[in-house]
Amino acid sequence: MPTAELVLTGAEVRTLDPDRPYATALAVRDGLIAAVGDESDVRDWRGPGTEIVDLAGAHLVPGLVDAHSHPVWGLDMATGVDLSAVRDLDGLRDALRGAARIDGWVIGFGLDHNVFGGRPPHRSLVEDVLVGAPAFLRLYDGHSALVSGAALAAAGVTGARSFVQRSEVVCDGDGRPTGHLVEHAAMELVAEVMPRSSYGQRRARLVELLSAMAATGLTGAHVMDLGDLELVGAVAAEGVLPVRLRFAPWCMPGADREALDGLVALQGRRGRHWRVGGVKFFMDGTVEGGTAWLEHADCHGQGTEAFWPDPEAYTAAVRHLHAAGVRTATHAIGDAAVRHVLDTVEGLGDSGRFVHRIEHVETVPDDTLARFARLGIVASMQPPHTAYTRGDHGDEWSRRLGTERAGRAWRIRALREAGAVVALGSDWPIAPYDARGVLATAREPLGAAAAGGGLSGIQALEGCTTHAALAAGEGHETGRIAPGLRADLTAFGLDPVAAPADELAQAPVRLTVTGGHVVHRGD
């Protein structure tokens, strides 16, 4: 009989496998689960080279997966001074006044829209404390930034620009840029001239980040961008990636048949613990930035246009990729955006079931909920985003939408009750990557979403395991603890289903195993 590389004993195993829901021991061979049961079921798998770990009553579950993250691209997004703790304009000015320069630039991230107190972001609010330094301050949504006059000058931006995708260099009544850049194409004008970390720095940060993610129990992440495959491949070739990465490159407006076929050709590119699988679209932007596609304008008269200026071109692109067997994930926050994606997938017929997914789903009316289940469309949601809202609807997200639509915030419980598959993630660096926080906030959403209620303990766990596996089309190989499936495993010091949400957010992570490799050991 072959022997196992790893045997885990003494555990409270919650398998999420209906054929054997609970166990106390398992064996791992060649990166897969070889046996599940009790001590007698794994005894013969032991050999001279087997590592045996007594989990001493720890609670073992399928490895947690972040269903929406940006761990490689996010290295650039999360550069400079962390502004996420700033709560008002005075605090922002103080943070910028003392911020370290990076090659002469002030670079920041995580800036809350609520800091401006309802005023439009404008460089004049911070220009004096920058003392002439070029600055790029990314707002927390990742879809907008505030830049200084010196940064605009460095990029040669002196007025409005036209873009293929929905983006804007915001200008005042005299045509002068305010410093507010909305959406990717506009931000890229300045990002192209900003200082960039060296390859060595990015490599070291990636290893550090993935190790920190694994320490919270994560074993995998659905990466909603192409990242840097050369960097990831180099790290994977020299060691074990602590977190398994599945990349979905972007398809942007203007993509022609050649571009679409190029995305098809990328599918299946892989290395150890990483692969390309799927394509990411944007149907809209963000509520706070005024670019979420809404069925009725927000309080500023914005939000009535899609990210794809011709939404039917998006539909045609999805059809082309679907015909080639490519899964898609579409960023859709507003009700009009979600409805258009639902209509697009419905047009694919039964072959579209459980192949396509919608990311974020921040506000939708009742009549859309049942369509997710009926059409087999995965709702990929990020509970930590709710922290940017307030229960009294005094935040920028809620004010823009108005009371009725803000009352439909992050309908995570309603979607599950309607029978939808709901995969959970963080959207790091937009929100913290800690998997325990994702589980806890899914059970107890914050701010405007609190009124709608959260998931049960088992539903939250499913969102990061079985439902995340379904979202990636990997339900046959991961998401449960059963023989033949991936040996991706997470062990907590308490029961992640029964423990109160606030305790779960701080739960000790005893062990994280990715592909049979122990990538984190807790105390």
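Placed above this text is the structure.
Reading the values: the criteria
- Residues numbered from 1 in each chain as written.
- Predicted model: local features only at pLDDT ≥ 70, side-chain atom pairs only at ≥ 80, totals over all residues.
- Heavy atoms only, no water.
- Phe/Tyr/Trp six-rings, centres within 6.5 Å; stacked < 30°, edge-to-face > 60°.
- Helix = DSSP H or I, 4+ residues; strand = E, 2+ residues; numbered from the N terminus.
- Buried < 20%, exposed > 50% of the residue type's maximum accessible area, 1.4 Å probe, protein only.
- Axes fitted to C-alpha atoms, helices over the stretch in contact; angles between N-to-C directions.
- Parallel < 35°, antiparallel > 145°, perpendicular 65-115°, else oblique.
- Left-handed = near helix turned anticlockwise from the far one by under 90°.
- Contact = heavy atoms within 4.5 Å.
- Nonpolar A, V, L, I, M, F, W, Y, C, P; charged D, E, K, R; others polar.
- 1 Å grid on protein atoms, 1.4 Å probe; cavity = no way out; pocket = protein on both sides within 12 Å on 5 of 7 lines; lining within 4 Å.
- Points joined across faces, edges and corners; volume = space filled by probe spheres on them.
- Pairing = 2+ DSSP bridges.
- Core = buried A, V, L, I, M, F, W, Y, C linked by side-chain atoms within 4.5 Å.
- Salt bridge = Lys/Arg side-chain N within 4 Å of Asp/Glu carboxyl O.

Asker: Could you give an account of the packing of aromatic side chains, naming the residues involved and the relevant values?
Answerer: Each aromatic ring pair is specified by the distance between its two centres and by the angle formed by the two planes. Under the definition given, this model contains nine aromatic pairs. Judged by centre distance (5.6 Å) and plane angle (50 degrees), the rings of phenylalanine 282 and phenylalanine 307 are tilted. With phenylalanine 282 in strand E19 (residues 279–282) and phenylalanine 307 in the loop between E19 and helix H10 (311–323), this pair connects stretches of sequence that are 25 residues apart. By the burial criterion, phenylalanine 282 is buried, and phenylalanine 307 matches it. Consider the rings of tryptophan 308 and tyrosine 314, whose centres lie 6.1 Å apart with planes at 70 degrees: the pair is edge-to-face. Here the two residues tryptophan 308 and tyrosine 314 agree in accessibility, since each one is buried. Through pairs of rings, three or more aromatic residues link up here, namely Trp73, Trp250, Phe282 and Phe307.

Asker: Could you give me a rundown of the packing of helix H9 (residues 257–266) against H10, with the residues and numbers involved?
Answerer: Helices that pack against each other are described as a pair by the angle of their axes relative to one another and the distance between those axes. The interhelical angle for the contact between H9 and H10, taken along N-to-C directions, is 40 degrees, at an axis separation of 10 Å. Compared by their axis directions, H9 and H10 come out oblique. Taken as a pair, H9 and H10 cross one another with a handedness that is right-handed. Residues Arg257, Leu260, Asp261, Leu263 and Val264 of H9 lie in contact with H10, whose contacting residues are Ala317, His320 and Leu321. Its residues assigned to classes, the contact of H9 with H10 comprises five nonpolar, one polar and two charged.

Asker: Which residues make up the environment of isoleucine 107, and what values do they have?
Answerer: Locating isoleucine 107 in the fold gives a position in strand E10 (residues 106–111). The class of isoleucine 107 is buried, set by a relative accessible area of 5%. Remark: the alpha-carbon pair of isoleucine 107 and proline 134, spanning 27 residues in sequence, is separated by 8.6 Å. The residues touching isoleucine 107, leaving out its near neighbours within four places in the chain, are Thr79, Gly80, Val81, Ile102, Phe136, Met194 and Pro195.

Asker: So what's going on with empty space enclosed by the protein? Residues and values would help.
Answerer: Applying the stated criterion across every chain, the model contains five cavities of 30 Å³ or more. The volume enclosed by the largest cavity comes to roughly 220 Å³. By volume, the second largest cavity is sized at about 110 Å³. The wall of the second largest cavity is formed by 14 residues, among which Arg246, Gly277, Gly278, Arg357 and Ala471 lie closest to the centre. Looking at the lining of the second largest cavity, the elements that each hand over two or more residues are strand E15 (218–223) and strand E20 (328–332). Among the residues making up the lining of the second largest cavity, the classes are represented as seven nonpolar, four polar and three charged.

Asker: Mind laying out the pairing of strand E13 (residues 168–171), listing which residues take part and the relevant values?
Answerer: As paired elements, E13 and strand E14 (residues 177–182) share three bridges and run antiparallel to each other. Counterpart to valine 169 in the pairing with E14 is leucine 181. As consecutive antiparallel partners, E13 and E14 are separated by five residues, and within that stretch glycine 175 has a phi angle of approximately 85 degrees, a positive value.

Asker: Tell me about the nonpolar core, and name the residues and values.
Answerer: Leu245 and Phe372 are the most contacted members of the largest nonpolar core, which totals 94 residues. Broken down by element, the residue count for this core peaks at six residues, all from helix H11 (residues 335–346). Look past the residues within four positions of leucine 245 in its chain and what remains in contact with it is Pro71, Leu210, Ala221, Val223, Val232, His273, Trp274 and Arg275.

Asker: Account for the pattern of salt bridges, naming residues and giving values.
Answerer: A full pass over the atoms with the stated rule returns 35 salt bridges. Between aspartate 17 and arginine 480 there is a salt bridge, and its shortest N-O distance comes to 3.9 Å. One end of the pair, aspartate 17, is in the loop between strand E2 (12–14) and strand E3 (22–23); the other, arginine 480, is in the loop between helix H18 (466–471) and strand E24 (489–492), with 463 residues separating them in the sequence. Among the residues examined, aspartate 17 registers a relative accessible area of 9% and is labelled buried. For arginine 480, a relative accessible area of 23% corresponds to the partly exposed category. Taking the shortest distance from any N to any O, the salt bridge between arginine 371 and aspartate 343 comes out at 2.8 Å. Of the two residues, arginine 371 sits in helix H12 (residues 366–375) while aspartate 343 sits in helix H11, which places them 28 residues apart along the sequence. In this structure, a network of salt bridges that share partners links the residues Asp76, Arg196, Arg202 and Asp228.

Asker: Explain the sheet that holds strand E11 (residues 135–139) residue by residue, including any values.
Answerer: Each strand in a sheet pairs with another by means of backbone hydrogen bonds, the pair being arranged parallel or else antiparallel. Read from one edge to the other, the open sheet built from six strands follows the order E9-E10-E11-E12-E14-E13, with strand pairing classed as mixed. The two strands at the open ends of the sheet, each matched to only one other strand, are strand E9 (81–82) and E13. Judged from the three bridges that link them, strand E12 (residues 144–147) and E14 form a sheet pairing that is antiparallel. Looking across to E14, one finds that leucine 146 is bridged to histidine 180. Those strands touched by helix H6 (residues 184–191) are E11, E12, E13 and E14, and its axis lies near 120 degrees from that of E14.

Asker: Would you mind going over the sheet that holds strand E5 (residues 32–37) in detail, with residue names and values included?
Answerer: Overall, mixed pairing links the four strands, which are arranged E5-E4-E1-E6 in an open sheet. This sheet does not close on itself; its edge strands, each paired only once, are E5 and strand E6 (51–54). The sheet shows a mean angle of 15 degrees between the axes of neighbouring strands, direction not considered. Looking at chain direction, strand E4 (residues 25–29) and E5 are connected through five bridges and run antiparallel. Of the residues in E5, the one forming a bridge with alanine 25 is glycine 37.

Keep in mind these values describe shape, not function.
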